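Coordinate inspection notes
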Amino acid sequence: MSKQKWLWGIVILLLVVSSPGIMKRWNAEQANDAYEIVIPYDEIQVVNKESDLTMDKILSSLKNAGLTTVSLEPLTLKEMEHQSLISIYDENDLAAQLRFTPYKDAIDVNKSGYYISVPENASYQQLIKDSIKPEEVQIGDESFYYLPSSNHRYGLKTPIGYDKLAVEMINKHDLSLIFKVENADNKAANDKTVKQLLELKDASAGRLLGSGDEAIGFGQKSGDAYIEQLSNAGYYFYTIESNPLKGEDKIAKMTDYNMIRLHSINVNRETKLKLNASIDRTTRAVKERNIRSIFYHIKTKGNAEKNLDETIKYLTGVQEQMPNHFKSGTPKLFDVVTVPTWVTALVLLAGIVFTFLISELVKWMPLRIAAVLFMSALAIAYFLLKSTLFLQAFALIIAVMAPTYAVIKAAKGSKNIASILLQYLKAVAISIIGIVIVIGLLNGNAFMTGFEAFKGVKLVYVVPIAGVLVFVLLELNRLVDQDLKKTLSNTVTLLNKDLKYWHVLLVMVVAAIGLFYISRTGNSGSVSNAELAFRQWLENILYVRPRTKEFLIGFPFFVLSLYVMGINRKWGSILLVPGVIGFLSIVNTFTHLHIPVEVSALRTLYSVILGFVVGLVFIFIFKIGYRFISKAVARWS
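Just so it is clear, the structure is predicted and the values come from calculations on it, not from any experiment.

Before going further, it helps to spend a moment on the environment of Ser573. Within the fold, Ser573 resides in helix H24 (residues 569-574). In this structure the C-alpha to C-alpha distance between Ser573 and Lys412, which are 161 residues apart in sequence, comes to 9.4 Å. Setting aside residues no more than four positions away along its own chain, Ser573 makes contact with Val472, Glu475, Leu476 and Met565. Looking at Ser573, its side chain comes within polar contact range of the main-chain oxygen of Lys570, at 2.5 Å.

Given below as structure tokens:
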């Protein structure tokens, strides 16, 4: 026993000495306190066209309500036609219009191409000339730009450049500017885009948001050169939450993960999304997921002025609901979080010792030594090959074993509340040691920005339950014995028992519950409207809500199981199965590495405290029920 205490002391000491790594992440997250609301310029134009409001009035109203940034897409010939800046005709269309005029033979219909009316504004004329270098055609008094179909560099939907008049309008209202960047299918168009971006770079326009499915330059030899030029000029890039572009991971690596996380709220697609829900989503994204840019879409259908009013209500609502320590403005890049090699080495060593300690559940020394050697091999492979895959594998093993061991190690029944609290805190402490090892290993800007992640979230939800279930089965059937022969004999006896129909039914019920449980894990889990309302209520009161599965299910059942085990160890051990959910869930909370450590720690603290209190309520209810059943049994016996 004294040997184990020394080993636990070594683990804790190693983690304390290696804590500067986690503190760097903490400080970087705390310093990153600015967020922005972005609205696309083309949707603001829709309000302008479909109402009597001027562009100046619209932008002033939005800025006063809290708008900080406007995004601007590159113009295409098709978009210019949509904005009524030009008209586009193919050879047959124009020939048909000239059929009954003196110029009926001016168009060669065998020569395929587009005839583009010359825009009135000189800025747009220059933009078209600089980009597609068209042939100028005169038909009577009308001038056209001619773009032959054989020009494979430019089509009607190829980006030709940014609207400088729109840039001037945005700058006039002192709003920041994000340029949306498409990846054209040819080098010439991308060269023009990059060249113009370098010309437009100033203090108010320093960010780029990818558009479409691919990052600029993806699949092209000059792709790396584009990123280097733009990055050296002072541009940095956005990444859209849960919707990365092809080639974006390479941009992240080339720029040392200097990326801004963006969350999109598109009320035009999510037509059932209410105003309050949009505001809640915005504040939650900023405070809980390191999101520093919210891309909000104005409704484009219905009354334009009403849509503008709703957008203004959204902006003011966000300002009112956002926690005070976050500031509206230009989002910051994360400070560089570099984890020294010696810190990673100490955390890995702590994990190896921790593995030896938790492997005591096996009670067979050769297997314990094999577990330690395997974890040591992962650590050595990481240092030799410099691949985070080995760290992710190491962290996954710790993450699934820590809650399993925590529950089994603390499964000592008692009817004394103080003793129950002690065992409860022991299980929490063991889980926290596992958590510190996981986040100590998976640390740095790559993980905070979401480009690298913890792998195996589903396993964290399944393996601990399976492990505790095996432990319970062993307890119920007394399979484990110091004598190996007797243990095998007990196991054979169990396996030779007749299979009953209720056994099959029980397996089916457990499987159905398991499938439902797994279906609720992750971001796509299904949740009822009543539970969503309850979650929001908790969040409004507590800043961040504790997880329902922790403080209403897992932890209370674990507390109850310890009490019931004090009366009947077999029956109490059954309750450990739902009880482990609380511990695996807090480990899982910290494996979402894009969530600030402060938020995960606060959420876990709430769960641990509330879970114990609810557990005491479970014990009180159990006492009443147990007393009632005992009296009934005594009366009828």
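This brings us to the pairing of strand S11 (residues 293-296). Along S11, one buried face is formed by Ser293 and Phe295 and the opposite face, lined by Ile294 and Tyr296, is buried too. The pairing of strand S1 (residues 34-40) with S11 spans three bridges and is parallel. For Glu36, the partnering residue across the bridge sits in S11 and is Ser293. With four bridges connecting them, strand S10 (residues 259-265) and S11 associate as parallel partners.

This part covers the pattern of salt bridges. One pass over the full model with this rule turns up 19 salt bridges. The salt bridge involving Lys187 is made with Asp191; its shortest N-O contact spans 2.8 Å. Of this pair, Lys187 and Asp191 both sit in helix H9 (residues 187-200), separated by four residues, roughly a single helical turn. Exposure remark for Lys187: the relative accessible area of 48% places this residue in the partly exposed category. Within the structure, one salt-bridge network assembled from shared partners comprises Asp33, Lys327 and Lys332.

Looking now at the side chain of Arg368. Tracing the backbone through its elements, the reader meets Arg368 in helix H15 (residues 365-385). For the buried residue Arg368, which engages in no salt bridge, the nearest side chain bearing the opposite charge is Glu360, 5.9 Å off. Reaching out from Arg368, the side chain makes a polar contact with the side chain of Ser359 at a distance of 3.0 Å. Apart from the residues lying within four places of it in its own chain, the contact partners of Arg368 are Phe356, Leu357, Ser359 and Glu360.

Between its terminal C-alpha atoms helix H17 (residues 417-441) stretches 36 Å, which fits the 36 Å expected from 25 residues at 1.5 Å a residue. The opening residue of H17 is Asn416, an N-cap whose side-chain oxygen sits 2.9 Å from the backbone nitrogen of Ala418.

If you walk across this open sheet you meet the four strands as S3-S4-S6-S5, and the pairing is antiparallel. In this open sheet, the two strands that pair with only one neighbour each are strand S3 (88-90) and strand S5 (135-139). The average angle at which neighbouring strand axes cross in this sheet is 35 degrees, direction not considered. Where strand S4 (residues 113-117) meets strand S6 (residues 142-148), five bridges bridge the pair, whose relative direction is antiparallel. Its bridge partner being in S6, Ser117 is matched across the sheet by Phe144.

Analysis parameters
All residue numbers refer to positions counted from 1 along the written sequence of the respective chain. This being a predicted model, a pLDDT of at least 70 is required before a residue's local features are given, and a value of 80 or more before pairs of side-chain atoms are given or counted; all residues contribute to the totals for chains, interfaces and linings. To get the side-chain values, take all heavy atoms of the structure and skip hydrogens and water. Each helix is a run of H or I in the DSSP string that is no shorter than four residues. Each strand is a run of E no shorter than two, and both are numbered from the N terminus. In what follows, a contact means two residues having at least one pair of non-hydrogen atoms within 4.5 Å. The definition of a polar contact used here is a pair of N or O atoms within 3.5 Å, where within protein one atom must be able to donate a hydrogen and the other to accept one, and adjacent residues in sequence count solely through side-chain atom pairs. Burial here depends on accessible area, computed with a 1.4 Å probe over protein chains only, as a share of the maximum for the residue type. Under 20% is buried, over 50% is exposed, and the range in between is partly exposed. For two strands to be treated as a pair, DSSP must find at least two bridges joining them. By definition here, a salt bridge exists when the distance from a side-chain nitrogen of Lys or Arg to a carboxyl oxygen of Asp or Glu is within 4 Å. Residues scored as charged are limited to Lys and Arg (positive) and Asp and Glu (negative), so that His and the chain ends carry no count. Expected span of a helix: the number of residues minus one, times 1.5 Å. Each axis is a line fitted through C-alpha atoms, and for a helix only the stretch in contact is used; angles between axes span 0 to 180 degrees, taken between their N-to-C directions.

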